[in-house]
Every structure is written in structure tokens, then in C-alpha cells.
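Residue-level structural notes
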Amino acid sequence: MSEHEQSEPEATAPDVLARVTTDVLDRDAIEAFVRSAENGALVTFEGVIRDHDHGESVTALDYEAHPAAEDFLRETLQQVARETGLRIAAAHRIGSLVIGDVALVASVAAPHRAQAFAACALLVDRIKEHTPIWKRQHLDGGTTEWVNL
């Protein structure tokens, strides 16, 4: 490159909060990360362990993650943040969870509610599509099954 040519600056990745953890998820911290004075809408999704799936009773779930799952999650959040221009945060819990536990918290702040709802829905869909976290359901009667492998 000559001294007169300038390279374009690299686009910096948006600041997002992405966590994959065995700890109980902190919804307040996730929401606090995305809040700002210019945003009038905050939408948060919680994925909660339910007691059934496809007509069978579920007693518990085990979530397992690829060693780089948090990196995949961060990249997914950064992509959605680039597409929407919004502040985004999400955390996914792994390990053994029981009915009523929260497995995923995803939060988005935007100037208006429609934008925040749409971005949060997009975010949750992308997390499920692109983050290598798998769940094994424990069914009533002692059997188990892997979901979305």
C-alpha cells in the first residue's frame, strides 16, 4: 500500500454482554447492561424449564455446551447488534436444571417497543440456531432424550 492510500478502519464489534455459566442467571445485571437514557423500551425473554414436551412429562434437563459456546454466543449477539443497532445482552445456563429454573435470559433495549420486541425475538431465534448448547430431557419413567442435536 502506498503512503497515499489509506486502509479502511476495521469495524469494531458492538459491545454486548454474553455469558454461558453454571450459575443462576442474573436478570437484573443483564437488563442493566442494555438500559440507557435514550431507550424507552426494554424487552427481556426468559426461557424457563417446563414440566412437559411433546405430550410427555419432563422432570429435569441437562444442558451441555461446546467449550467455545460463549464465543459463539458473543458472535451471535454482535451480529444481531450490528443488524439492529441496539444494545443486546444474553446469558445461557448450563448444567443440571429443574422445572422452573431459568435457562436463558436475553434482553434488548430500543427507543420504541415494536423495535425492541422484534429484536428480542430475532435474538432468541439466532441464539437457538447458532450457539452450540444442547439439552437432554429427563422424562417421567426414567428415560432421557437429546433435543435439537
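Provided above is the structure to which this section pertains.
Residues numbered from 1 in each chain as written. Predicted model: local features only at pLDDT ≥ 70, side-chain atom pairs only at ≥ 80, totals over all residues. Heavy atoms only, no water.

Looking now at the pattern of salt bridges. Applying the stated criterion across every chain yields a total of 9 salt bridges. Residue R27 pairs with E31 through a salt bridge whose shortest N-O separation is 2.8 Å. Of this pair, R27 and E31 both sit in helix 1 (residues 27-34), separated by 4 residues, roughly a single helical turn. Judged by relative accessible area, R27 falls into the partly exposed class, the value being 34%. (Salt bridge = Lys/Arg side-chain N within 4 Å of Asp/Glu carboxyl O. Helix = DSSP H or I, 4+ residues; strand = E, 2+ residues; numbered from the N terminus. Buried < 20%, exposed > 50% of the residue type's maximum accessible area, 1.4 Å probe, protein only.)

Now for the side chain of T76. With respect to the secondary-structure elements, T76 resides in helix 2 (residues 69-84). Note on T76: relative accessible area 7%, which makes it buried. Side-chain polar atoms of T76 contact the backbone oxygen of F72, separated by 2.9 Å. Once you skip the residues sitting within four places of it in the chain, T76 turns out to touch R126, I127, H130 and T131. (Polar contact = N/O pair within 3.5 Å; in protein donor to acceptor, adjacent residues only side chain to side chain. Contact = heavy atoms within 4.5 Å.)

So, about the layout of surface pockets. Taken as a whole, the largest pocket spans an internal volume of roughly 480 Å³. If you trace the largest pocket, you find 24 residues lining it, with Y63, H92, K128, K135 and N148 closest to the centre. Its residues assigned to classes, the lining of the largest pocket shows 14 nonpolar, 6 polar and 4 charged. (1 Å grid on protein atoms, 1.4 Å probe; cavity = no way out; pocket = protein on both sides within 12 Å on 5 of 7 lines; lining within 4 Å. Points joined across faces, edges and corners; volume = space filled by probe spheres on them. Nonpolar A, V, L, I, M, F, W, Y, C, P; charged D, E, K, R; others polar.)

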